[in-house]
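# Per-entry structural report
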Amino acid sequence: MPQYQVLVIGAGPGGYVAAIRAAQLGFKTAIVEKGKTLGGTCLNVGCIPSKALLASTEHYHFAQERFAAHGIVAEKLSVDLGAMMKRKDQIVTKLTGGVDFLMKKNKIEKLTGKATFLDANTVEIDNAGTKTTVTAEKFVLATGSVPVELPFLKFDGKTVLSSDHAIALTEVPKSLLVIGGGAIGLELGSVWRRLGAEVTVVEFLPRIATGFDGQVAETLRKSLIKQGITIHTGTKVESGEVTKGGIALTVSAEGKTTKLEAEKVLVAVGRRPYVEGLGLEKAGVALTDRGRVKIDAHWKTSVPHISAIGDIVDGPMLAHKASDEGIAAVERMAGKPGQVNFDAIPGVIYTNPEGASVGLTEEQLKEKGVAYKSGSAPFGPNGRALANDATEGFVKILADAKTDRVLGVHIVSSAASELIAQAVSVIEFGGSAEDIARTCHAHPTMSEVVREAAHAVGGHPIHG
Ligand code: FAD
Ligand code: NAD
């Protein structure tokens, strides 16, 4: 019976990164994955395929809408959806193969099949009926999450879609209802809108992009509406039925009930932790009231030699959060002071423009009664933004009123996902708005708008 020092269960961005760090720290490590390829949700059906489709459709949309202004004449533009999907699949294959390579390079044993605890140190691995048993001294649980289903709308992959289906359609639907105005709804809604579908987003809360700063959410809402997406906020989906023509939803808003119809519906109302069949009860691992695996500040579950990370534990369901927890949890196992700064985890919505945030939002600062200063700058006058034809959006920096320490940075821009990294570093180092304002930024770059917002915090914008 094989013996490992560390067995990682689940090879998503949490699990595979944890396995690499464990191997680097000298643990005899194995990783078990039930899927055909490594990389988990993120690489196979999440972050990467969605971003590939967002990039392709953004090019198409830009060619349609903006080429003429650039003096480029492109006649008879059309889409070969098969080729677009093939490109996406090739990127996924390259990256998941890359994770395989990393496992070999780090001498991590790859075990294929679904893992189930038989007791707190023994796991059975079922690979299409062939069962093996392994033991380990320590475990990292990283089994991730799956899409939430609405009780009255079961996923069928044809009319009622989860994100797994919506990244792999073979035809552009005439119309698509999207339930949920979070990251998945807005990103995949954008993909299919750009390809010509009539897209309607139905969001239960009064605003889209919950969790982001209100100004970011409102700017994105206006921009997406301009792009032709219909957005109903404060609207609850009461029921839904598959009809001959597609789907009919009964929705209610402000006490009024109406029907919305479309060819397909994407249900993007969140994801839930996946621990089914893992045998946690046999290992003695406890869950929280909300069904996530209960951990302490060092990612230890109720059974100290079993740690848990990523989407199955509390916190935002993000790939980089899962990876950071993987590293920190394994470092703790090795007696090192691994940690994650939960105040400096960036969040991005990859629409165009993108929305990106780190730290506290203006709403949170008000709620907490923190005295703060705010400085904003738009991309409109920025030279690089004009050259790039990407002038939509702004940077907003929120800093402590007394100390000037940066508490939150919120960006809407086509480059927001890259620009936010600078803000994350400043928050991580406990830096001030003045630190950003005094830092030289290359010209012409979009990053100069971050600096300009920092100048605005100090009350002396250069170009304002
Ligand atoms: P997962 O990636 O879910 O991996 C868990 C793995 O465990 C899976 O491979 C699963 O097969 C395996 N597994 C489960 N149970 C067992 C078992 N018993 N035995 C063996 N193996 C098992 N996040 C971002 O940060 N940025 C993005 O742009 C982004 N885009 C997304 C787009 C979409 C459409 C979706 C759906 C998600 C997106 N996410 C994004 C979220 C991100 O994918 C997740 O937060 C991340 O994958 C979580 O990592 P994880 O390692 O915890 O779990
Ligand atoms: P989400 O939690 O981000 O958004 C779901 C939205 O659906 C919420 O705004 C919620 O109010 C709404 N909702 C719930 N029930 C509803 C109902 N009955 N009717 C109408 N609206 C309803 O979840 P998601 O967009 O499905 O994404 C799942 C997870 O994956 C999230 O944790 C997200 O962070 C992650 N993800 C991240 C990215 C990214 O980082 N760019 C991209 C995709 C997914």
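Summing up its helical and strand segments, the protein chain has 14 helices and 22 strands in all. For a compact globule of 464 residues, the expected C-alpha radius of gyration is about 23 Å, and the protein chain comes in at 23 Å, within 12% of that figure. In terms of overall dimensions, the protein chain has a C-alpha envelope of 65 × 60 × 50 Å along the principal axes. Restricting to contacts in the protein chain with at least 6 residues of sequence separation, those with at least 24 account for 62%. Total accessible area on the protein chain stands at roughly 21700 Å², and carbon and sulfur atoms take up 52% of it.

Here the focus is the pattern of salt bridges. Using the criterion set out here, one finds 14 salt bridges in the structure. A salt bridge links R438 to E434; its shortest N-O distance comes to 2.5 Å. For R438, a relative accessible area of 67% puts it in the exposed group. Residue class for E434 comes out partly exposed when judged on its relative accessible area of 40%. Where salt bridges share partners, they join D213, E362 and K396 into one cluster.

In total, this model carries one cavity of 30 Å³ or more according to the counting rule given. The computed volume of the largest cavity comes to approximately 30 Å³. In terms of lining residues, the largest cavity is bounded by P147, S163, I184, V267, A268, G270 and R271. In the lining of the largest cavity, the residues fall into four nonpolar, two polar and one charged.

The parallel open sheet is built from five strands, whose spatial order is β8-β15-β9-β10-β11. Because the sheet does not close on itself, it has two edges, and the strands there are β8 (160-161) and β11 (230-232). Running over the sheet, helix α6 (residues 183-194) touches β9 (175-179), β10 (198-202) and β15 (264-267) and is turned about 165° from β10.

It is worth spelling out the layout of surface pockets at this point. By volume, the second largest pocket is sized at about 820 Å³. Forming the boundary of the second largest pocket are 25 residues, of which F62, N352, D389, E392 and S414 lie nearest the centre. Taken together, the elements giving at least two residues each to the lining of the second largest pocket come down to α3 (47-66), α7 (214-226) and α12 (416-428). At six residues, α3 tops the list of elements feeding residues into the lining of the second largest pocket. Partitioning the lining of the second largest pocket into residue classes produces six nonpolar, ten polar and nine charged.

Turning our eyes to something else, we now look at the domain arrangement of the protein chain. Often, the extent of an interface is quoted as the loss of accessible area upon association of its parts. One can read the domain layout of the protein chain as domain 1 (3-147 + 272-340), domain 2 (160-269) and domain 3 (344-457). Relative placement of domain 2 and domain 3: their C-alpha centres are 29 Å apart. With 18 residues of domain 2 in contact, the opposing surface of domain 3 contributes 21 residues. Buried area between domain 2 and domain 3, summed over both chains or domains, comes out near 1400 Å², and the portion from carbon and sulfur atoms is 61%. Counting the surface domain 2 buries against domain 3, the share from its top three residues, F212, D213 and L220, is 36%. Linking domain 2 with domain 3 are one salt bridge. Salt-bridge contacts for K396 lead to D213; the nearest nitrogen and oxygen are separated by 2.8 Å.

Here the focus is the environment of P316. In this structure, P316 sits in the loop between β17 (306-308) and α9 (319-333). A relative accessible area of 37% means that P316 is categorised as partly exposed.

Here, the word disulfide means a covalent bond between the sulfur atoms of two cysteines. Scanning all chains against the criterion turns up one disulfide. In this model, C42 is linked to C47 through a disulfide, with the two sulfur atoms separated by 2.2 Å. Handedness here is read from the sign of the S-S torsion; for C42 and C47, about -130°, the answer is left-handed. Its relative accessible area of 10% is what places C42 among the buried residues.

To continue, consider the site of ligand 2. Contacts to ligand 2 come from 22 residues, most closely from I184, E187, E203, G270 and V348. A distance of 3.3 Å separates an oxygen atom of ligand 2 from a polar atom in the backbone of A183. For ligand 2, a nitrogen atom lies 2.8 Å from a polar atom in the side chain of E187. Protein contact buries 76% of the 840 Å² of open area that ligand 2 shows by itself.

Our focus in this paragraph is the site of ligand 1. Around ligand 1 lies a shell of 38 residues, among which G14, E33, T41, K51 and A319 are the nearest. Across the complex, the protein chains shield 93% of the 1000 Å² of accessible surface that ligand 1 would expose by itself. Looking at the shell around ligand 1 residue by residue, the classes come out as 17 nonpolar, 15 polar and six charged.

Between the first and last C-alpha of α3 there are 27 Å, a value that for 20 residues agrees with the 28 Å anticipated at 1.5 Å per step. Turning to α3, its buried residues number three or more, namely P49, S50, A52, L53, L54, S56, T57, Y60 and A63.

Another aspect to go through is the environment of R194. By secondary structure assignment, the location of R194 is in helix α6. Among the residues examined, R194 registers a relative accessible area of 5% and is labelled buried.

Now for the pairing of strand β1 (residues 3-9). Burial analysis of β1 places five of its seven residues in the buried class, the great majority of the element. Where β1 lies against strand β6 (residues 130-141), six bridges are found, and the strand directions are parallel. Opposite V6, over in β6, you have K138 as the bridge partner. Note: β1 against strand β2 (residues 29-33), four bridges, orientation parallel. Its bridge partner lying in β2, I9 is registered against V32. With helix α1 (residues 15-24) bridging β1 and the parallel β2, this β-α-β connection has right-handed handedness.

Rules used in this analysis
- Residues numbered from 1 in each chain as written.
- Chains lettered and ligands numbered in written order.
- Predicted model: local features only at pLDDT ≥ 70, side-chain atom pairs only at ≥ 80, totals over all residues.
- Heavy atoms only, no water.
- Helix = DSSP H or I, 4+ residues; strand = E, 2+ residues; numbered from the N terminus.
- Rg over C-alpha atoms; globule rule 2.2 N^0.38 Å.
- Contact = heavy atoms within 4.5 Å.
- Areas by Shrake-Rupley, 256 points an atom, 1.4 Å probe, with all protein chains shown as cover.
- Salt bridge = Lys/Arg side-chain N within 4 Å of Asp/Glu carboxyl O.
- Buried < 20%, exposed > 50% of the residue type's maximum accessible area, 1.4 Å probe, protein only.
- 1 Å grid on protein atoms, 1.4 Å probe; cavity = no way out; pocket = protein on both sides within 12 Å on 5 of 7 lines; lining within 4 Å.
- Points joined across faces, edges and corners; volume = space filled by probe spheres on them.
- Nonpolar A, V, L, I, M, F, W, Y, C, P; charged D, E, K, R; others polar.
- Pairing = 2+ DSSP bridges.
- Axes fitted to C-alpha atoms, helices over the stretch in contact; angles between N-to-C directions.
- Domains from an automatic or database assignment.
- Buried area = accessible area lost by both parts, 1.4 Å probe.
- Disulfide = S-S within 2.5 Å.
- Near = heavy atom within 4 Å.
- Polar contact = N/O pair within 3.5 Å; in protein donor to acceptor, adjacent residues only side chain to side chain.
- Expected span 1.5 Å × (residues − 1).
- Right-handed = clockwise from strand over helix to strand, strands pointing away.

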